[in-house]
Each structure stands twice: as C-alpha cells, then as structure tokens.
Amino acid sequence: MERYLMTHSLLSSWLYAIQESPYEDATSTRDSFAEFLQVLRREPTQTTEAMQNGIDFEDLVTAIVRQDAAGMKKNPEWFDAAGRIANIVRGASLQHRARKTVEVYGMNFVLYGRLDALKAGTIYDVKYSGSYERGKFFNSTQHPMYFELVPEANDFVYLISNGKEVYQEHYRRDEVADITVIVGDFVLWLTENGLLEIYKQHWKAL
Amino acid sequence: MIVKPETMTFAGKKVRILIAGFPGIGKTTLALSAPKPLYIDVDLSAERINREILNLAVGVTQPRDYAELRKDLGMDCNEMELQAVRANLADFETIVIDTGGKLLTIMGQYGRVIEPKYGQKDGSLSLKGYGWLGKEFQRFMDNIIYRLDKNIVIVFHTVEDKDGDDTKLRIKAEGGAKNAVWEVMDLGGFMEMRGNQRTIGFSNCERYFAKGTRGIHGVYTIPELEPGEPNDFLTKLFAKYNEVSAKEAARAAAERAAYDEAMTAGYQVIATIVDADTANAAIPKMKAIKHALTSEKELAVAFNGQIKNLSLFYDKVLKEYTPAPEGK
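### Re unusual backbone geometry
Part 1 of the reasoning: Residue B:T99 follows B:D98 across a cis peptide bond; omega there is 0°.
Part 2 of the reasoning: If you trace the backbone, B:T99 turns up in the loop between β4 (94–98) and α5 (100–114).
Part 3 of the reasoning: Its identity is not glycine, yet A:Y105 carries a phi of approximately 50°, on the positive side.
Part 4 of the reasoning: Relative to the helices and strands, A:Y105 is located in the loop between β2 (93–104) and β3 (107–119).
Part 5 of the reasoning: Given a relative accessible area of 55%, A:Y105 falls into the exposed group.

Below you can see the structure in the form of structure tokens.
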C-alpha cells in the first residue's frame, strides 16, 4: 500500500490557510491559500525575514551547545538569550529525526518531524518570535505531531526568545489533541476540495 | 547543601499562584483562602471590600509606593535587617498581592525614578524599562519565596482579547511584563462563572492559557461559603500541590535515575566502537540496555552517529556491520 508523508509544516500551512478563509472556500485567492497550494505542491517557498531570524537564532543555540567558535560570533546581540536556551538543551539529542506510520481513513501516512532537541522524556523546540504572547502555540500542530512521533516523551517545551528574553511554553501529553484526528480532517478537506490527488502526487513516501 | 536528586521530596514547598478573573467574581475572597494571608492592598481598594472578606486576612498593608513595599518585604536589606523583617512577618504564611497589574504599575514608576532611561517622555516605560520590570518582578517574587519563605498569591484582573473570531482571556498587565509574570508562577488559574458556580481553571483551553503543574490541572469548582464555614480553598489546594509534588518528584527521580543509568551504559558501549568488529560486538550490549524515558531514541542517534563517523556499512544479507564498500 502507498504511504504518504505528513509533516507539521504542511498541516500548519493548511490550518493557516483555512483560518484566513473562515468559510473554507477553496476558490479563495488569498495569499495564505496560494502559499498552502505551493507547500502542497512542494514548490520552493521564499524565506521570509521572520523565518531567517528563526534559523539564525537556532543556529546560534546549536553553535553555543557545540562550542563552535565561528558560529558563536554571529548575531552577538542574541548571545545571552541563546546561551540560556543552550543551557537547557545541552546534552540533548539535537535535530533528532523521527518518523512513524499511522493509518487514517484507510490511507497510510508517514508522520515525520525533526525535533530541535530531545532529552530525558522532553521534546524541546526553539522559536524566535519578535511578538510573543503567552499561549501562542496552543493551536500549533507541532506538539501533537511530535508527541505522536515520540511516544516515550511526556512533555513538550517551546523555548521562545525575542533575542533578549526567554520564555517557556509547556505542554503535557494528556492535554494535547490527537494528531491523527487533525490528519483525518485534513484528508477530508483535501477530498472535499478536490486536492487529494495533488497531495498524493507530491507527498508519496519512498 | 547538595543532596542526591532522588532524596529531594518537595514537601512543604512554598507555592506561587496567579489568580485571574473579572471584577466582582470573588478573586480577593479566594486569594484570602490561602494559609495565614498578609493582604497587600496595592490597589488601595480595601475600603471597597466587604468587611467580612477583609477580616479573612491575618494582616493588611497599603503601601504608598513600591519603595515602601520593597522595604516592608526586606528587599536589598542586609542580614540583620532581614531578621527584623522576618520577625515582623512571622504571623503570615502567604503574601497576597492585589492586584498584580497595579504592582507592575508602581514598580514601573519606581523604575523610572531610579533610572530615567527606563521611561519615555509620555510617561510609559521604554523597552529597557520593560526588560528591567520583568527582572524586578522576578526578584520581588524570589525574595518572598526564598528569603522570606512565604507562599505568594497574586491577583490579576482579566481582559478580553480578540483573536480572530475567538475571544481570549488575558491578565491585565503592562505590555511585555505579561509574559514575565507567568514565567515565575507554579500555578495560574482563570476564574469564571459556569452556570451559577464559580470555577477556577488551571488547564490550557481555547479561552485562556493557564498554568497547571504537579497534579493541579483542569477546572475546579469553588464552593460557596456558608456562614461559619472556613475559607480554605487555597489552603487545601496548596496541601494537595505539595502532596502530589512529593509523589511526582519521587516518580520523576526514579525515571530519571533509570534514564541516566541507561544513557551512561549506552555511551560506554558506544565508546568501545572503533571498527566493524566492535560495532557488531556492541549490538547485543545495546539491545540489553533497559531503557527509560527517551533513552532508546537518544542512544540510537548516538550509535548511528558513531557508525557514520567510522564509515561503516550495515550488510543486510550478512546482518552485520562491515567497512563501507569502495567508493561509498
């Protein structure tokens, strides 16, 4: 049986698109929907400034953990905050890849994720956010997806920084939605909107 | 004193709790249900509070400004002065701050006095000022917990915040300080009316993002007080918190010890891998490790990393590691 890749980023892009189109109108020409179609077709997307900040901040954390002198020199204004996060994830398995096959509505999906850090039953995800508000990640598909990928983990902690302050947003396994339900909703939505074939075409797992 | 993690009990730990809710829902009454409360009326609203409720406090103070409050609570004082402050506060087990929003306001005013750079011309705080405010709030809380050894109940008004079609409840506090406030709390609950019952919720939901730890999760109904009944909801909650803390700490320590043992054993085996033969010899040893938490996944990554470093190749026919074929 064919298997299809499913990532948090794809689900996130879909949720953002339908949130912007409250009536889930697939004929919408809004950018968020166009962006979702781009992701669905696995076309390269442009890296925004916010995305680049996220990548650079995470690289700095990794450089501090690995004592990589060259990497630690970049973005010195973030060093203190990145150092505090590095202290938390030091000793963890960094960029930990995880996958798991699940069956939803008769289709096989390979859930896939790259965890920023995994240590002693806790999954950590590093975020750079210039406008963080507590509870920001409540509706994210990331922690439900990663909990499914790592059944031994009991806690998920977002480590969030604006480059100066560091905040933690903590989720327990027992308070998080079942990702397979979200995947199921996604499949139904793709079917209803005639997009399932596009998904199947571009997200076939090897 | 340094002790082994597994011997830590967390029993009798002082609790930091945030209570948020709309005016009139009964936040002050609930706050004063903590053990032996000293009511710090930062809002200067004690005269508006029903006398019966106010009488629930063991003591009341109305600081004129933050400098006075700092002095009353012995912040920045030397050890001798601290002894006097402790003696003065000996009758109290809990410091109740009403409201946290007002506390942040007077803290900000104090900050602008001690350092003009913390303020802006329009009287609001600068970015640096907000940074200082977050840190000062943490110092304030740490002083109560660690130097004075008291519980803390901090009361916040709630505001509604539109988020798309949803309405979220948030605490009423100055700008960036909102996030900093939550960081130092053990518990944070939103009070709401459900039907004709007052409730406090400690679990995250679509309406608010609360904070529950150590077995305190979900929505609790706050009982209506009958005449003569003790106002002890938070006293009981703190006792439950500490009871669960002790049990959770014991369980977590056991899990952590098993995890550490597995990780140590795993890294010792991985350290012996220097070629294909030692890699093959390591497989049964790795399989024999008794795993806990995420040790199996973490060690698998470390093992595979070592195999990759040595350019070894897993031969699926022979079912063993061999040096990588030429050209690979």
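### So, the packing of helix α8 (residues 233–271) of chain B against helix α9 (residues 276–287) of chain B
Residue and element names in this part refer to chain B.
Part 1 of the reasoning: The geometry of α8 relative to α9 is characterised by a closest axis approach of 9 Å and an angle of 175° between their N-to-C directions. Judged by the angle between their axes, α8 and α9 are roughly antiparallel. Residues G266, V269 and I270 of α8 lie in contact with α9, whose contacting residues are A282, K285 and M286.
Part 2 of the reasoning: Split into classes, the residues belonging to the contact of α8 with α9 amount to four nonpolar, one polar and one charged.

### Remarks on empty space enclosed by the protein
Any empty space left between the atoms is revealed when a probe the size of a water molecule rolls over them.
Part 1 of the reasoning: Here the structure, examined in full by the defined rule, presents two cavities of 30 Å³ or more.
Part 2 of the reasoning: Considered as a void within the structure, the largest cavity measures approximately 100 Å³ in volume.
Part 3 of the reasoning: Together, A:E133, A:R134, B:L169, B:R170, B:I171, B:K178, B:N179, B:W182, B:F190 and B:F209 line the largest cavity.
Part 4 of the reasoning: Taken together, the elements giving at least two residues each to the lining of the largest cavity come down to β6 (166–171) and α7 (177–183) of chain B.
Part 5 of the reasoning: Split by residue class, the lining of the largest cavity holds five nonpolar, one polar and four charged.
Part 6 of the reasoning: By volume, the second largest cavity amounts to about 60 Å³.
Part 7 of the reasoning: A:E58, A:V61, A:T62, A:V65, A:V89, A:L94, A:Q95, A:D116, A:A117 and A:V126 are the residues that line the second largest cavity.
Part 8 of the reasoning: For the lining of the second largest cavity, the secondary structure elements donating two or more residues are α3 (49–65), β2 and β3 of chain A.
Part 9 of the reasoning: Of all the elements, α3(A) adds the most residues to the lining of the second largest cavity, at four residues.
Part 10 of the reasoning: Grouping the amino acids of the lining of the second largest cavity by side-chain chemistry returns six nonpolar, two polar and two charged.

### Quick word on the nonpolar core
Part 1 of the reasoning: Counting residues in hydrophobic clusters, the biggest one holds 50 residues, and the most contacted among them are A:M6, A:F36, A:L40, A:F109, A:F186 and A:Y199.
Part 2 of the reasoning: If one sorts the elements of this core by residue count, helix α7 (residues 179–192) of chain A sits on top with seven residues.
Part 3 of the reasoning: Those residues within four positions of A:F36 in sequence are excluded, and the remaining contacts are A:L10, A:S13, A:W14, A:A17, A:F186, A:W189, A:L190 and A:L195.
Part 4 of the reasoning: Within the second largest apolar cluster, 44 residues are counted, among which are B:A20, B:L89, B:L103 and B:F156.

### Some thoughts on a positive patch on the surface
Part 1 of the reasoning: Together, A:R3, A:R97, A:R99, A:R114 and B:K308 give the surface a local cluster of positive charge.
Part 2 of the reasoning: Topologically, A:R97 is positioned in strand β2.

### With respect to the pairing of strand β5 (residues 151–163) of chain B
Residues and elements named next belong to chain B.
Part 1 of the reasoning: Two strands pair when backbone bridges link them, and strand β1 (residues 16–21) and β5 are joined in this way by six bridges, in the parallel orientation. If you follow R16 over to β5, its bridge partner there is I152.
Part 2 of the reasoning: Here β5 runs beside β6; their pairing, made up of six bridges, is antiparallel. Paired with T158 across the bridge in β6 is I171.

### Topic: the interface of chain A and chain B
Part 1 of the reasoning: Contacts between the two partners involve 28 residues from chain A and, on the opposite side, 26 residues from chain B.
Part 2 of the reasoning: A combined buried area of about 2,300 Å² lies between chain A and chain B, and 50% of that area is made up of carbon and sulfur atoms.
Part 3 of the reasoning: Its largest share of buried area at the contact with chain B, chain A owes to A:A120, A:R134 and A:F138, together 31% of the area lost on that side.
Part 4 of the reasoning: Here chain A and chain B share three salt bridges between them.
Part 5 of the reasoning: As a salt-bridge pair, A:E152 and B:K297 come within 3.0 Å of each other at their nearest N and O atoms.

Each value, and the rule that gives it
- For every chain, the first residue of its written sequence is number 1, and the numbers climb from 1 along that sequence.
- Working convention: letters from A go to chains and numbers from 1 go to ligands, in the order in which they are written.
- For this predicted model, a pLDDT threshold of at least 70 governs which residues receive local features, and a threshold of 80 or more governs which side-chain atom pairs are given and counted, while totals over whole chains, interfaces and linings are taken from all residues.
- Neither water nor hydrogens contribute to the side-chain values; these are computed over all heavy atoms in the structure.
- Each helix is a run of DSSP H or I of at least 4 residues and each strand a run of E of at least 2, with the numbering of both proceeding from the N terminus.
- Exposure classes here rest on a 1.4 Å probe applied to the protein chains alone. A residue is buried below 20% of its type maximum, exposed above 50%, and partly exposed in between.
- Orientation is described by lines fitted to C-alpha atoms, with helices fitted over the stretch in contact, and by angles between N-to-C directions that extend from 0 to 180 degrees.
- Roughly parallel means an angle under 35 degrees; roughly antiparallel, over 145; roughly perpendicular, 65 to 115; everything else is oblique.
- We call two residues contacting when some pair of their heavy atoms lies within 4.5 Å.
- The nonpolar class holds Ala, Val, Leu, Ile, Met, Phe, Trp, Tyr, Cys and Pro. Asp, Glu, Lys and Arg form the charged class, and all remaining residues, Gly among them, are polar.
- Using a grid of 1 Å spacing that covers the protein atoms alone, one calls a set of points a cavity when a 1.4 Å probe fits there but cannot get out, and a pocket when the set is open and has protein on both sides within 12 Å along at least five of seven lines; lining residues are those with an atom within 4 Å of a point.
- Grid points are joined across faces, edges and corners, and a volume is the space filled by probe spheres set on the points.
- Among the buried residues, those of types Ala, Val, Leu, Ile, Met, Phe, Trp, Tyr and Cys that are joined through side-chain atoms within 4.5 Å form a nonpolar core.
- Patch criteria: residues need more than 30% relative accessible area and no salt bridge. Like-charged residues are merged within 9 Å; nonpolar side chains of Val, Leu, Ile, Met, Phe, Trp and Tyr are merged within 5 Å.
- For accessible areas, the Shrake-Rupley method is used with a probe of radius 1.4 Å. Any residue's cover is judged against the shown protein chains and nothing else.
- By definition here, a salt bridge exists when the distance from a side-chain nitrogen of Lys or Arg to a carboxyl oxygen of Asp or Glu is within 4 Å.
- When charges are tallied, Lys and Arg are placed among the positive residues and Asp and Glu among the negative ones, while His and the ends of the chain are skipped.
- To locate a charge, take NZ of a lysine, CZ of an arginine, CG of an aspartate or CD of a glutamate.
- Between any two strands, pairing holds if DSSP finds at least two bridges.
- Summed over both partners, the accessible area lost on bringing two parts together, with a 1.4 Å probe, is the buried area.

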